[in-house]
Amino acid sequence: MRPYDANWREVAGALIREGDIAGRRVLDVGCGTGRFLAQIAEIAKAWGVDASPEMLEVARARTNASGLKLGSAEELPFKDGWFERATMWLVAHLVDRPRAFAEASRVLAADGRFAIATFDPSYFDEFWLNELFPSMETIDRARFPLAEQLEAELVGAGFSQARMLRLSQRGSLDRTTALERIRGKHISTFDLISDEEYAQGLERAERELPERVDYRQEWLIAVAVRA
C-alpha cells in the first residue's frame, strides 16, 4: 500500500546514486515484494533476500533479479565477499542491526558499499498518524536510529567509513487513500499498538480526517564502505 510516486523514485535514485549501484553485483537485504529490487535489476546484477516466503513469491513475479533467497538479514545465505554492493530500504528498524550490519559486511568484497534508506527520527515530530494513534511516536522513535547511532553501528560492524545524507520530502493524500492505508495497516507500527488503540484511532479518522492530508517525510540515507 506504499505509493510508487515521485517521492519513492527520488529515494530510489538517491540510493542508486550514492550506493554506486549501476553495473555492480548487488544484494537487496529485506527485499520484500521486490519493488526496489526490480529497479536495481534494470541496471545491475541483483539478488534479493527476505525472511517472508509470501513476499518472495510476489518478488519473483515482479522482478528479473539474478536470484532470490529465503533468509534473514542476521544470517545471510551467501558466501563471504560475494557482492560489490548491498542495499537496505526501510528494513534497518526491523532487524538486529549490529548482527545484520556485520552480515552485510561479511558478504561484501573489500571496498564494497552498503547503502541504507531509513526514516530520520525527526520524521515522527509531525507524523500524520500521531494524533490518531498516540503511542506510535514513542514506538517508532525507539525503533528508528539517530544518524550518530547508525554511523556507530556501521563502524562497529566492520565498515571503515559511514556517510549520512538527509532528504526532505512533502506529500499529500486524499481522504479516501488515507483511510485505505489505515484500514490496511500499511506500516508495521500498527502491529505494535493495541487493538483498542487501533479501533479508537480508526473510528476517529473516519469521523475527523479532512479531505486532504498533507505531510512531510524526513529520510536518512547512510552509505558505508567495507574496510
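Residues numbered from 1 in each chain as written. Predicted model: local features only at pLDDT ≥ 70, side-chain atom pairs only at ≥ 80, totals over all residues. Heavy atoms only, no water.

Caption draft 1: Looking closely at the environment of Arg 216. Structurally, Arg 216 can be placed in strand E7 (residues 212-226). Separated by 44 residues in the primary sequence, Arg 216 and Ser 172 place their C-alpha atoms 8.4 Å from one another. In contact with Arg 216, other than residues within four places in its own chain, are Ser 122, Tyr 123, Asp 125, Glu 126, Gln 169 and Arg 170. A polar side-chain atom of Arg 216 sits 3.0 Å from the main-chain carbonyl oxygen of Ser 122. Among the polar contacts listed, one links the side chain of Arg 216 to the side chain of Glu 218, at a separation of 3.0 Å. (Helix = DSSP H or I, 4+ residues; strand = E, 2+ residues; numbered from the N terminus. Contact = heavy atoms within 4.5 Å. Polar contact = N/O pair within 3.5 Å; in protein donor to acceptor, adjacent residues only side chain to side chain.)

Caption draft 2: Representation of the pairing of strand E3 (residues 67-70) within the structure. Of the pairings in the sheet, the one linking strand E2 (residues 45-50) to E3 comprises 4 bridges and is parallel in character. Each bridged residue has a counterpart across the sheet, and for Asp 50 the counterpart in E3 is Leu 70. With helix H3 (residues 53-62) bridging E2 and the parallel E3, this β-α-β connection has right-handed handedness. (Pairing = 2+ DSSP bridges. Right-handed = clockwise from strand over helix to strand, strands pointing away.)

Caption draft 3: Structural context of the pattern of salt bridges. Using the criterion set out here, one finds 20 salt bridges in the structure. Between Glu 57 and Arg 60 there is a salt bridge, with the nearest N and O atoms lying 3.0 Å from each other. Of the two residues, Glu 57 and Arg 60 are both situated in helix H3; the distance of 3 residues between them amounts to about one turn of the helix. The class for Arg 60 is partly exposed, based on a relative accessible area of 42%. Salt bridges sharing partners connect three or more residues here, namely Asp 20, Arg 24, Glu 84 and Arg 85. (Salt bridge = Lys/Arg side-chain N within 4 Å of Asp/Glu carboxyl O. Buried < 20%, exposed > 50% of the residue type's maximum accessible area, 1.4 Å probe, protein only.)

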